[in-house]
Amino acid sequence: MNSKALLMLCVIFMVSCSDDLANDSAVKLVTIYINTAKTQCNDDGLSLEETSSYLTDANIEFTEPQCGYITGANYPAVCGGVTSNIYIFTIQEPDLLESENLGFAGLSSLDSSLGYETVNCS
């Protein structure tokens, strides 16, 4: 094999290796949520800080959390009744199973008749 052919093989090998590395470094992000457990007319339930700490304590990195609520579900207006309030986080897909073990669920797992909207956390 001449040196020109060997050089060409080396270049092809290097390009294919760099493509594999580039594909491995692209981590898919998923959006998860957890119910706040807040009830109507009450100042109860989980805080954003508390639910954030579930992820932090499990060494799961997340983006700035958001507040929101599930749409498409009707709840009777009664003090002590459930709400559709949720906290929303974006994490790396490899951490999804661990987050589910902590009580979170993927937003993509919502029933097709349901959706969600974000609101200001107050």
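For the structure given in this document, a descriptive report is provided here.

Parameters at a glance
Residue positions are given per chain, counted from 1 along the sequence in the order it is written. Given that this is a predicted model, residues contribute local features only at a pLDDT of at least 70 and side-chain atom pairs are listed and counted only at 80 or more, while totals for whole chains, interfaces and linings are drawn from all residues. No hydrogens and no water enter the side-chain calculation; it runs on all heavy atoms of the structure. Strand pairing is assigned whenever DSSP identifies at least 2 bridges connecting the two strands. Each helix corresponds to a stretch of at least 4 residues labelled H or I by DSSP, and each strand to a stretch of at least 2 residues labelled E; elements are numbered beginning at the N terminus. Any two residues whose heavy atoms approach within 4.5 Å at even a single point are treated as in contact. A fitted line through C-alpha atoms serves as each axis, taken over the contacting stretch for helices, and the angle formed by two N-to-C directions is quoted from 0 to 180°. For Phe, Tyr and Trp, where Trp contributes only its six-membered ring, two rings pair if their centres lie within 6.5 Å, and the inter-plane angle classes them as stacked under 30 degrees, edge-to-face over 60, or tilted in between. For the exposure calls, accessible area comes from a 1.4 Å probe over protein chains only, and a residue counts as buried if that area is under 20% of its type's maximum, exposed if over 50%, partly exposed in between.

### Concerning the pairing of strand 1 (residues 29–35)
Working step 1: In this sheet, strand 3 (residues 85–92) lies alongside strand 1 in antiparallel orientation, the contact comprising seven bridges. Opposite Asn35, over in strand 3, you have Ile86 as the bridge partner.
Working step 2: Pairing geometry for strand 1 and strand 4 (residues 105–106), over two bridges, is antiparallel. Bridge pairing links Ile32 to Gly106 in strand 4.

### Focus: the sheet that holds strand 4
Working step 1: Sheet architecture is open: five strands sit in the order 4-1-3-2-5, paired in antiparallel fashion. A single partner strand is all that each edge strand has here, and the edge strands are strand 4 and strand 5 (115–119).
Working step 2: Along the sheet face, helix 2 (residues 48–57) touches strand 1, strand 2 (66–71) and strand 3 and points at about 30° away from the line of strand 3.

### Some points on the packing of aromatic side chains
Each aromatic ring pair is summarised here by two numbers: the centre-to-centre distance and the angle between the ring planes.
Working step 1: By the definition in use, this model includes three aromatic pairs.
Working step 2: Relative to Phe104, the ring of Tyr54 has its centre 6.5 Å away and its plane inclined at 80°; by these criteria the two rings are edge-to-face. Note that Tyr54 is positioned in helix 2 and Phe104 in the loop between helix 3 (96–101) and strand 4, a separation of 50 residues in sequence.
Working step 3: The class of Phe104 is buried, set by a relative accessible area of 4%.
Working step 4: Pairing Phe62 with Phe89 gives two aromatic rings, centres 5.2 Å apart and planes at 85°, and the pair type is edge-to-face. Of this pair, Phe62 sits in the loop between helix 2 and strand 2 while Phe89 is found in strand 3, placing the two residues 27 residues apart along the sequence.
Working step 5: Phe62 sits in the partly exposed class, given a relative accessible area of 27%.
Working step 6: Among the aromatic residues, those joined into a ring-pair cluster are Tyr54, Phe62, Phe89 and Phe104.

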